[in-house]
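# Observations on the model geometry
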Protein chains: 2
Amino acid sequence: MQRIELKAPYLVFVGDETRLTYAKTGRGIVDWRRELCAGQLRLTAGACDLGLPEMSVSEAAAAGIGSLVIGTALVGGSIPPAWVATLAEAARAGIDIVAGLHTRLASIPELVAAAGESGARLVDVRIPPANLPVGTGKKRSGKRLLTVGTDCALGKKYTALQLEKDLRAAGVAADFRASGQTGIMIAGEGIPIDCVVADFISGAAEILSPDNDPDHWDVIEGQGSIFHPGYAAVSHGLLIGSQPDAFVVCHAAGRTHIEGWPHMPLPSIGEVLERTVQIGALTNPALRCAGISVNTAAVPETERRDYLTRLGERYGLPAVDPLLTGTAAILDNL
Amino acid sequence: MQRIELKAPYLVFVGDETRLTYAKTGRGIVDWRRELCAGQLRLTAGACDLGLPEMSVSEAAAAGIGSLVIGTALVGGSIPPAWVATLAEAARAGIDIVAGLHTRLASIPELVAAAGESGARLVDVRIPPANLPVGTGKKRSGKRLLTVGTDCALGKKYTALQLEKDLRAAGVAADFRASGQTGIMIAGEGIPIDCVVADFISGAAEILSPDNDPDHWDVIEGQGSIFHPGYAAVSHGLLIGSQPDAFVVCHAAGRTHIEGWPHMPLPSIGEVLERTVQIGALTNPALRCAGISVNTAAVPETERRDYLTRLGERYGLPAVDPLLTGTAAILDNL
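Here goes a summary of the coordinates provided. Here the residue numbering is sequential within each chain, running from 1 through the sequence in written order. Just so you know, chain letters begin at A and ligand numbers begin at 1, following the order they were written in. Predicted model: local features are reported for residues with pLDDT of at least 70 only, side-chain atom pairs are reported and counted for 80 or more only, and whole-chain, interface and lining totals are derived from all residues. With hydrogens and water stripped out, all remaining heavy atoms of the structure feed into the side-chain values.

Copy-to-copy superposition: least squares on the C-alpha atoms, limited to residues that have pLDDT of at least 70 in both copies. When chain B is fitted onto chain A, the two copies agree to an RMSD of 0.0 Å after a turn of 180 degrees and an axial shift of 0.0 Å. Seen this way, the second copy is the image of the first under a two-fold rotation axis. Every residue pair with non-hydrogen atoms within 4.5 Å of one another is taken to be in contact. A shared interface surface links the copies, since 100% of the contact residues of chain B are contact residues in chain A too.

This part takes up the sheet that holds strand β7 (residues 143-149) of chain A. Residues and elements named next belong to chain A. Two strands are said to pair when DSSP picks up at least two bridges between them. The helix and strand labels rest on DSSP assignments: H or I over at least four residues marks a helix, E over at least two residues marks a strand, and numbering proceeds from the N terminus. On the basis of which strands lie adjacent, the open sheet formed by six strands has the order β8-β10-β7-β11-β14-β15 and parallel pairing. Each end of this open sheet is capped by a strand with a single partner; those strands are β8 (174-177) and β15 (319-320). Looking at chain direction, β8 and strand β10 (residues 217-220) are connected through four bridges and run parallel. Counterpart to Asp-175 in the pairing with β10 is Asp-218. What counts as an axis is a line fitted to C-alpha atoms, over the stretch in contact for a helix, and the angles between N-to-C directions run from 0 to 180 degrees. The strands that helix α10 (residues 304-315) touches are β11 (246-252), β14 (288-295) and β15; relative to β14, the one it contacts most, it runs at about 155 degrees.

What follows deals with the nonpolar core. Side chains of nonpolar character tend, in soluble globular proteins, to be buried together. Membership of the largest hydrophobic core comes to 76 residues, with the highest contact counts inside it found for Ile-191, Ile-193 and Val-249 of chain A together with Ile-191, Ile-193 and Val-249 of chain B. Once residues within four sequence positions are removed from consideration, Ile-193 of chain B is found in contact with Ala-198 of chain A together with Ser-179, Ile-201, Ala-204, Ala-205, Val-234 and Leu-238 of chain B. Put simply, a nonpolar core is a bunch of buried Ala, Val, Leu, Ile, Met, Phe, Trp, Tyr and Cys residues held in one set by side-chain atoms that sit within 4.5 Å of each other. Three exposure classes are used, based on accessible area relative to the maximum for each residue type with a 1.4 Å probe and protein chains only: buried under 20%, partly exposed in between, and exposed over 50%.

All names here are of chain A. Of all the six residues making up strand β2 (residues 10-15), six are buried; the element is thus mostly covered by neighbouring parts of the structure. Here β2 shows a buried face lined by Tyr-10, Val-12 and Val-14 and a second buried face lined by Leu-11, Phe-13 and Gly-15. Pairing between β2 and strand β3 (residues 37-42): five bridges, direction parallel. Looking across to β3, one finds that Phe-13 is bridged to Leu-41. Here the term right-handed applies to a crossover when the path leading from its first strand over the helix to its second strand runs clockwise, the strands being oriented away from the viewer. Note that the unit made of β2, helix α1 (residues 24-32) and β3 has a crossover that is right-handed. Relative to strand β4 (residues 67-70), β2 runs parallel, the two being bridged by four bridges. Among the inter-strand pairings, Tyr-10 is bridged to a residue of β4, identified as Ser-67.

Quick look at the structure:
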């Protein structure tokens, strides 16, 4: 198995987390894959309510839950000692434990022992599969779209998920392909590209979107930015391994610098567009930009549609904010 | 310690290897760092002679040898059982064991036990240091030159080592910076960039050539090629993390395709030059090409100088074959 694959249905674990912003992984799974979520497990009455049926470990085991997915992320990425007994109980009941935290599940002896008893898996979605190949550059069948960005954390995953949803609604066969930990927990499978050893980045990206039907679209979650001083190499390998037919440039209106790198000015959408075409041509010379997806939260509400219209005219491309306009204009351009 | 650092002097271990092509790591160390090599250890009389004094483990221990360096590479990269007793004897005597093979030294219990007794290290130069940072993109002091290539395995390491030698001979402070396993064994330190986790490639490259005196040159060993379907991401991260002031494009005359990727045509020197300037400008807008270094072995002997002259005229740059012409023309252009 060269992709991480999670067992459904899920029990989303909220622990004792009371702040919704720290439960965004759980929220993302519920927002985008409600059909995979059978219940939620909260350790305290005040913990975040994701709107799923409450379920204890024994109820989950009886209901045939495949995975307990930890849907929260603490600063520092640790697993609080107060959670361990419940996680171990689930593992002992044969339920896989899934997490994307800095603390490795396998570093907690009680969990290892519990999983060992039942054969349940401890799945760290930050750990890439073993035996990834080196990229071949060979053409694969099917169609692919990659979301790229002017920076990190500005909607590449969200845009890809919305495109998948809208393609499917339009009757087009499409699959979101997750390249990061939250995306993997939402999609139930994927490869954490940024955790792969350097030599295998493009090879991992090839595995992520394998051969498919000629009319099928893989919508691949982008990572980093091709102009990012820390993560550009990840973006480069993901781009040439994905060999996309189309890409969407994602941007956050008003952002002026790489977030966390105040000395690095943000590249323009046009620069990202041009560089993506240059680099991506190595494995798909027909690569083209299908549109621009902007988080316009920083633009005054009454000016957002004008902002998108002007941006679209400037680049001669559909410019959308998925939350405001949907992605129909990009779909029309595929 | 964020770079691998080896203890000198070295005892170069040849084992029972009789074929010089399989002892090229050992030969490289002797060719480029003769002053670090105190002796060689051969298990059989017919094993390759690297021209160093013969030395047993007990003689090596008495002579204060810092590291036994395995100077051969078998197909498959394993460590033959017949070697283990000698390697363990050295480790027990307090001598570090250094290897760059697929088989991890730490996977051999006898070696782990021997090293544990004395405190000697088992150094796998394929394993990057822990706790590498994410790239910052911040300007560092000192000057840097990076060798880049139209492909793998065409002289990037050799060219960098020759440039270091010639710069030093010209009275310029210069250090070869090793980014691959053989280079690390030659230099005695470095980071195996292609083994680093994706998120940390450019950060590792920043650590590899730290701040230095304003007139000091770091000559950085390149990896892969920016047009390589498997390894371009490594080349990209190494380029922006190195933030070179100058680069040399390395090429093998007559090569038409990426070696091992017969469906991928080789990029031209001009394409590599242009793309390197485009990408490298992110962290050093003043980046420029200082010359072209070609392995002309495939050109008839009488035509090599003409070939280099024509190439130099075509690109308006010094074109050298380090073995044939030296690198003086490139040095003049720095």
